[in-house]
Amino acid sequence: MSSLSDLINLNLSDSTEKIIAEYIWVGGTGMDVRSKARTLSGPVSDPSKLPKWNYDGSSTGQAPGEDSEVILYPQAIFRDPFRRGSNILVICDAYTPAGEPIPTNKRCRAAKIFSHPDVAAEVTWYGLEQEYTLLQKDVKWPLGWPIGGYPGPQGPYYCGAGVDKAFGRDIVDAHYKACLYAGINISGINGEVMPGQWEFQVGPSVGISAADELWAARYILERITEVAGVVLSLDPKPIEGDWNGAGAHTNYSTKSMRNEGGYEIIKKAIEKLGLKHKEHIAAYGEGNERRLTGKHETADINTFKWGVANRGASIRVGRDTEKDGKGYFEDRRPASNMDPYVVTSMIAETTILWKP
Amino acid sequence: MSLLSDLINLNLSGTTKKIIAEYIWIGGSGMDLRSKARTLDGVVSDPQKLPKWNYDGSSTGQAPGEDSEVILYPQAIFKDPFRRGNNILVMCDAYTPAGEPIPTNKRYNAAKIFSHPDVAAEVPWYGIEQEYTLLQKDLKWPIGWPVGGYPGPQGPYYCGAGADKAFGRDVVDSHYKACLYAGINISGINGEVMPGQWEFQVGPSVGISAGDELWVARYILERITEIAGVVVSFDPKPIEGDWNGAGAHTNYSTKSMRNDGGYEVIKKAIGNLQLRHKEHIAAYGEGNERRLTGRHETADIHTFSWGVANRGASVRVGRDTEKAGKGYFEDRRPASNMDPYVVTSMIAETTILWKP
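All of these numbers come straight from a predicted model, not from anything done at the bench.

1. A short note on the overall build of chain B
Counting its secondary structure elements, chain B contains ten helices and 13 strands. A globule of 356 residues ought to have a C-alpha radius of gyration of about 21 Å, and chain B, at 21 Å, matches this closely. Considering only C-alpha atoms, chain B reaches an extent of 60 × 55 × 40 Å along its principal axes. Looking at chain B residue by residue over its 356 residues, the buried ones come to 56%. Considering only residue pairs separated by 6 or more positions, chain B has 65% of its internal contacts joining residues 24 or more positions apart. Here chain B displays about 14,400 Å² of accessible surface, and carbon together with sulfur accounts for 51% of that area. Each charge class in chain B can be summarised by its mean position, and for the 38 positive and 42 negative side chains these summaries are 4 Å apart.

2. A few points about the UniProt feature "domain: GS catalytic" (unreviewed entry) in chain B
Those places that UniProt annotates as "domain: GS catalytic" (unreviewed entry) correspond, in this numbering, to residues 106–356 of chain B. Helix makes up 37% of residues 106–356 of chain B and strand makes up 19%, while its end C-alpha atoms are separated by 24 Å.

3. Some words on the UniProt feature "domain: GS beta-grasp" (unreviewed entry) in chain B
UniProt feature "domain: GS beta-grasp" (unreviewed entry): in the numbering of this structure it lies at residues 19–99 of chain B. Between the C-alpha atoms that bound residues 19–99 of chain B there is a distance of 28 Å. The span itself is 0% helix and 48% strand.

4. With respect to the UniProt feature "domain: GS catalytic" (unreviewed entry) in chain A
According to UniProt, the feature "domain: GS catalytic" (unreviewed entry) maps to residues 106–356 of chain A in the numbering used here. Helix and strand shares over residues 106–356 of chain A are 37% and 19% respectively, and the end C-alpha atoms of the span are 24 Å apart.

5. Things to note about the pairing of strand β5 (residues 88–95) of chain A
Residue and element names in this part refer to chain A. Counting buried positions along β5 gives eight out of eight residues, so the element sits mostly inside the fold. The side-chain alternation of β5 yields two buried faces, one formed by I88, V90, C92 and A94 and the other by L89, I91, D93 and Y95. As paired strands, strand β1 (residues 19–26) and β5 are joined by four bridges and run parallel to one another. Within β5, the position partnered with E22 by the bridge is L89. Of the pairings in the sheet, the one linking strand β4 (residues 69–79) to β5 comprises eight bridges and is antiparallel in character. If you follow L72 over to β5, its bridge partner there is A94.

6. Regarding the pattern of salt bridges
Residues and elements named next belong to chain A. Under the definition given, this model contains 37 salt bridges over all chains. Between K326 and E260 there is a salt bridge, and its shortest N-O distance comes to 2.8 Å. Note that K326 is positioned in the loop between α9 (319–324) and β13 (329–331) and E260 in the loop between α6 (255–258) and α7 (262–275), a separation of 66 residues in sequence. Here K267 and E264 are joined by a salt bridge, their closest N and O atoms 3.6 Å apart. Here the residue K267 and the residue E264 both occupy positions in helix α7, the gap between them amounting to three residues, near one helical turn.

About the criteria used
- Residues numbered from 1 in each chain as written.
- Chains lettered and ligands numbered in written order.
- Predicted model: local features only at pLDDT ≥ 70, side-chain atom pairs only at ≥ 80, totals over all residues.
- Heavy atoms only, no water.
- Helix = DSSP H or I, 4+ residues; strand = E, 2+ residues; numbered from the N terminus.
- Rg over C-alpha atoms; globule rule 2.2 N^0.38 Å.
- Buried < 20%, exposed > 50% of the residue type's maximum accessible area, 1.4 Å probe, protein only.
- Contact = heavy atoms within 4.5 Å.
- Areas by Shrake-Rupley, 256 points an atom, 1.4 Å probe, with all protein chains shown as cover.
- Lys, Arg positive; Asp, Glu negative; His and termini not counted.
- Charge placed at Lys NZ, Arg CZ, Asp CG, Glu CD.
- UniProt positions renumbered as here; feature names shortened; annotations may be inferred.
- Pairing = 2+ DSSP bridges.
- Salt bridge = Lys/Arg side-chain N within 4 Å of Asp/Glu carboxyl O.

Below, the structure is given as structure tokens:
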């Protein structure tokens, strides 16, 4: 019999102009990604030329049954690494039929902040370090961990190789190439301190595109773990005890920080972040209090502190930046389950627009 | 040794002009698809030019043993996604040797209705949303469900991604491409509310071709699930309890509805449907009373209701249509096991030909 892969891998460009567009959006929990596909009559490369669409918001906790339509506005296009050819992935955000962003739509407000002239002029760059844990399906215990027990303590796993040290590399490597294929600005990967935990980085990306790219990368990771039969967790502290949590460290710079004299701008920006510590923490991901304990390379959630090369601080400035007198800094507070639209725009708002 | 796949994937156009035509028809239950193949001398693209054929009706519950020949009339041609090359799938309907449609041949009557001048003038368009459930072979329990138990409640599965949320995507994605390859007007796919349940949409297609295309899409799905080793179920309520059923929502419009002032025509049409609710329900699929309960995004089987954006109604009108004053409406009553020849022609008959 024909195999399924013969059919899945059919290159349709020989038989039709039609393409398949997978529309992706964030669901009712603010963390669940949803998608569905439609056929378009030909290739499209400009999101504003894609048709709006709608979905059943009553099935995602985003609308009541008697008035269930939620409208999808296409915002960013990536190449589809699963269907390939001219097929595309489309990152969307969600609106009521009247044109109002629904409550879980965090992109709309972020886009407003990024188009503020003062913010746009600063050409904000973001490098997002997404950590995540792979879990065995059904038991929800980390991949590679013995059922009913624990692996040897942390030490050998960070950037490790070997069947007893690295669990799930096929997912990580497939994800890396798939994202590069898709056109996402994925800058690297590494195995993390806790076994079964990994990290990929997206950036440097400007303004709103950092978050669009991170959501697309998260979607691709869900699809790849689905193929691999493994469950993706973005929980910030998946295992209690002497095991690292998972974060989404956010590296940030503005034009002023990247130019001569930038180090002073950086220090001033960090000071402002310190004054708004509580507000930021509240928006940096659910369950972060289980992770930000002051141990395991984190700063305590109630304390704000910064330092050069200090991984136990809320904000870390790299030695390069200190030496050059300009560069960028790393906000280590966001949890792995943070919404990048919220975090990136909030950092820009606090450091550029907010006056203490 | 050659692999079987080397042989299955042989491209014969290099060695011969002959092609293979797979003749497809509907069997005695009205839901079982049957097919057999024959060799033809050369490429054929017009169904009228294909030879009539016959099959053993006594083996499909469609004829007695002593007079078993049932004649196949070719009606529509599609490209064969399994054999590829110049090979074809042929959708047929069935007649006695005397030329009478056999009782299970619903296409014949539908074709008569669609060629009525009043119906033809209205150019009726159909978009059919085929829902279906994938079952584990042998157990007949849905794919991805633990044997002897149930998955977590509905919520995360609609349009979901991830190994714990989407079960059987390879079937769905290969079906999408296979149908596009075949020339079927497949407009999209999505994961459904119940885990292991999926949907594809065919349309907009005009008149009788909607039924032809849906039946061939169902055939291709049977063939693909056969390869994948899972069973496809078109039962309208495969699992009792707090689990969604499976429908075949039928979107419909006529030329008058698509033009200015169409909204009034739509309301009148819905009025006609309301007056013939019982007759339609009787023809909308066996076992539908287990599905149309008034819960799980359905309207109760005894009640006819309609509303804008209301997924709990019998007929739903989209917000776009309401706003534009013209468009189409969705009959949400048909079950997943409906016969599209019956449903599409009945809707046309009730809304265009029937006088209250």
